[in-house]
Amino acid sequence: MKDYCLRATAADGQIRAFVATSKYLADDGARIHQTSAVATAALGRTLTAASIMGLMLGNDDDAITINIRGDGPLGGILVAADGLGRVRGYVRNPGADVPNRSDGKLNVGGAVGNGNLTVAKDLGLKEPYVGTTPLISGEIAEDLAGYFMYSEQTPSIVALGVIVEKDLTVKAAGGFFIQLLPNALDETVDRLEGHIQNFPPISRLLDEGKTPEDILDMLLSPFGYEITENHPIGFVCNCHRDRIERALISLGADEIKAIIEEQGQAEISCHFCNKAYHFTGDQLGVLLND
């Protein structure tokens, strides 16, 4: 079963919801960046969230970036997604580690630390929409719920989870977003809060074999719901050699000359997917002429 995200509406249009399974997406991020267990959990949660938020944008060409800047040992997380749910990202210190929490769970909040969460949406306008809010816990889900409330004035329930095996592969991962729309009645809000209050962790449900369809039914069956979309999500990087060449050219003639004279070649790696692009001295000379 590949990763995918369900979109649904409920309570006669008062609620919208997204439920995703993202095991392979999170595992790709861990494998590419060789992350520690806690870094895998932090990156996997953020990749999952970004893929869902990308699908929220509405247009395939729209894009969203989540930048988490904390003072913990992870050093921050940067993740980007498009309107098709294709996502890429990295942790600045992928090998960073911290002791587990007292309950034995991975201490993502301690690894992230205190800081800010910034969400930038490129909707094809002259300037992107940018919202920044303080981190609440560093556990990612709670921080994103805070962002939606304070930056977009949209009450949201956000759940994200990643189970990491001892061999650092991902056993289960996923997330759900439930948002109250402007026409939501107080009665609907109260019922939803009461229903969700003791909801099990989504990673545990997925590990037990539940599907996004099962979880969506558990979440919204009391409200009457309709699934409106089933969309694949995945780790996909949009880097390519032409883009790297343009970046080199943007350094300017003097900088390219210095690289040729001092190193004779260049190798540039993409931060998001770690793919390396090698340029010989002759190839750098062609860029210099350009």
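Calculation rules
- Residues numbered from 1 in each chain as written.
- Predicted model: local features only at pLDDT ≥ 70, side-chain atom pairs only at ≥ 80, totals over all residues.
- Heavy atoms only, no water.
- Helix = DSSP H or I, 4+ residues; strand = E, 2+ residues; numbered from the N terminus.
- Rg over C-alpha atoms; globule rule 2.2 N^0.38 Å.
- Buried < 20%, exposed > 50% of the residue type's maximum accessible area, 1.4 Å probe, protein only.
- Contact = heavy atoms within 4.5 Å.
- Areas by Shrake-Rupley, 256 points an atom, 1.4 Å probe, with all protein chains shown as cover.
- Lys, Arg positive; Asp, Glu negative; His and termini not counted.
- Charge placed at Lys NZ, Arg CZ, Asp CG, Glu CD.
- Core = buried A, V, L, I, M, F, W, Y, C linked by side-chain atoms within 4.5 Å.
- Pairing = 2+ DSSP bridges.
- Axes fitted to C-alpha atoms, helices over the stretch in contact; angles between N-to-C directions.
- Phe/Tyr/Trp six-rings, centres within 6.5 Å; stacked < 30°, edge-to-face > 60°.
- Lys NZ or Arg CZ within 6 Å of the ring centre and 35° of its normal.
- Salt bridge = Lys/Arg side-chain N within 4 Å of Asp/Glu carboxyl O.

Considerations on the overall build of the protein chain
Here is step 1: Secondary structure assignment for the protein chain yields 10 helices and 13 strands.
Here is step 2: Its C-alpha atoms give the protein chain a radius of gyration of 21 Å, near enough to 19 Å, the size a compact globule of 290 residues would have.
Here is step 3: Taken over the C-alpha atoms alone, the protein chain extends approximately 70 × 45 × 35 Å along its principal axes.
Here is step 4: For the protein chain, with 290 residues in total, the buried portion stands at 48%.
Here is step 5: Counted over contacts in the protein chain with a minimum sequence separation of 6, partners at least 24 positions apart contribute 62%.
Here is step 6: Surface exposure of the protein chain reaches about 13900 Å², of which carbon and sulfur atoms provide 47%.
Here is step 7: When the 24 positive and 39 negative side-chain charges of the protein chain are each reduced to one mean point, those points stand 2 Å apart.

Looking at the nonpolar core
For soluble globular proteins, nonpolar side chains are generally found buried alongside one another.
Here is step 1: One finds M53, I77, L144 and F177 to be the most contacted residues of the largest nonpolar core, which totals 50 residues.
Here is step 2: Looking at this core element by element, the count peaks at 12 residues for helix α2 (residues 37-56).
Here is step 3: With residues up to four places along the chain from it excluded, the contact list for F177 reads R16, A17, F18, A49, I52, M53, M56, L144, F148, I157, V158 and L160.
Here is step 4: Grouped together as the second largest cluster of nonpolar side chains are 25 residues, L180, I196, F199 and I202 included.

Description of the sheet that holds strand β6 (residues 115-122)
Here is step 1: Reading across the sheet, the 6 strands line up as β7-β6-β3-β4-β5-β11 and stay open at both edges, with mixed pairing between neighbours. The sheet is open, and its two borders are formed by β7 (129-134) and β11 (234-235), each paired with just one other strand.
Here is step 2: Sheet analysis places strand β5 (residues 86-91) next to β11, joined by 2 bridges and oriented parallel. Within β11, the position partnered with V87 by the bridge is F235.
Here is step 3: Against the sheet, helix α4 (residues 141-151) engages β3 (63-70), β6 and β7, with an angle of about 120° to β7.

A closer look at the sheet that holds strand β10 (residues 225-232)
Here is step 1: In space, the 5 strands of this open sheet follow the order β8-β9-β2-β1-β10, with antiparallel pairing throughout. The open sheet has two free edges, formed respectively by β8 (156-164) and β10, since each of these has just one partner strand. Averaged over neighbouring strand pairs, the angle between their axes works out to 10° when direction is ignored.
Here is step 2: With 7 bridges connecting them, strand β1 (residues 4-10) and β10 associate as antiparallel partners.

A word on the packing of aromatic side chains
Here is step 1: Across all of its chains, the model carries 4 aromatic pairs by this definition.
Here is step 2: Their ring planes at 70° and their centres at 5.5 Å tell us that Y90 and F272 sit as a pair that is edge-to-face. One end of the pair, Y90, is in strand β5; the other, F272, is in the loop between β12 (266-269) and β13 (276-279), with 182 residues separating them in the sequence.
Here is step 3: When its relative accessible area of 13% is taken as the criterion, Y90 is described as buried.
Here is step 4: Through pairs of rings, three or more aromatic residues link up here, namely Y147, F148 and F177.
Here is step 5: The ring of Y24 has K2 sitting right over it, with the charged end atom 5.3 Å from the ring centre.
Here is step 6: A cation over a ring is seen here: R88 above F272, with NZ or CZ 4.8 Å from the ring centre.

Some words on the pairing of β5
Here is step 1: For β5, the buried fraction is high: 5 of the 6 residues fall into the buried class.
Here is step 2: As paired strands, strand β4 (residues 77-82) and β5 are joined by 5 bridges and run antiparallel to one another. What sits directly across from V79, in β5, is G89.
Here is step 3: With antiparallel pairing between neighbouring strands as the criterion, β4 and β5 make up a hairpin whose turn holds 3 residues, including G85 at a positive phi of roughly 80°.

Quick look at the pattern of salt bridges
Here is step 1: Scanning the model with the defined rule gives 9 salt bridges in all.
Here is step 2: Two residues, D82 and R86, come together in a salt bridge whose shortest N-O distance is 2.7 Å.
Here is step 3: One network of salt bridges, with partners in common, ties together R45, R101, D103 and E139.

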